[in-house]
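Understanding the architecture of this molecule
Take a look at the letters that make up each chain.
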Amino acid sequence: MKGTIVSNDIDVRPPDTRAVRRRVTLADRIALRIGMSLIIWSRRTHRARPSVDHATRQRLERERSEREIDLLVRSTAMRMWR
């Protein structure tokens, strides 16, 4: 690694304590509490995930693999273009 500059210096700064702390509005607190309650209620009432049939699972898997192949082809073409 001759000629390569390697720096071991790391700048570590404390977080900015001068930042203004904004208060959370009452409406936001209520919305957050209602949202969390709905999520918890939903998880308690729906114990099992809905079943997915074999054909749908295969179709989703095929679509995912096609997207991955398309992404690989495009990224390879972009690397060759550079």
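The structure under discussion appears in the preceding block.
Computed from a predicted model, the values in this text were never measured in an experiment.

If you tally the helices and strands in the protein chain, you get two helices and zero strands. Residue burial in the protein chain is summarised as follows: out of 82 residues, 0% are buried.

A few words on the pattern of salt bridges. The final tally for this structure, using the stated rule, is four salt bridges. In this structure, the salt-bridge partner of Arg64 is Glu68, at a minimum N-O distance of 2.5 Å. A residue pair is termed a helical-turn pair when its members lie 3 or 4 positions apart in one helix, as Arg64 and Glu68 do in helix H2 (residues 54-81) at four residues. Residue Arg74 pairs with Asp70 through a salt bridge whose shortest N-O separation is 3.3 Å. Highlighted residues: Arg74 and Asp70, both in helix H2, separated by four residues, approximately one helical turn. Among the charged side chains, a network of salt bridges with common partners joins Glu61, Arg64 and Glu68.

Moving on, we get to a nonpolar patch on the surface. On the surface, Leu26, Ile30, Ile34, Leu38 and Trp41 cluster together into a nonpolar patch covering about 570 Å² of accessible area. For Ile30, a relative accessible area of 45% gives the class partly exposed.

Reading guide: rules and limits
Residues numbered from 1 in each chain as written. Predicted model: local features only at pLDDT ≥ 70, side-chain atom pairs only at ≥ 80, totals over all residues. Heavy atoms only, no water. Helix = DSSP H or I, 4+ residues; strand = E, 2+ residues; numbered from the N terminus. Buried < 20%, exposed > 50% of the residue type's maximum accessible area, 1.4 Å probe, protein only. Salt bridge = Lys/Arg side-chain N within 4 Å of Asp/Glu carboxyl O. Patch = residues over 30% accessible without salt bridge, like charges linked within 9 Å, V, L, I, M, F, W, Y side chains within 5 Å. Areas by Shrake-Rupley, 256 points an atom, 1.4 Å probe, with all protein chains shown as cover.

Interpretation in functional terms is not warranted from these geometric data alone.
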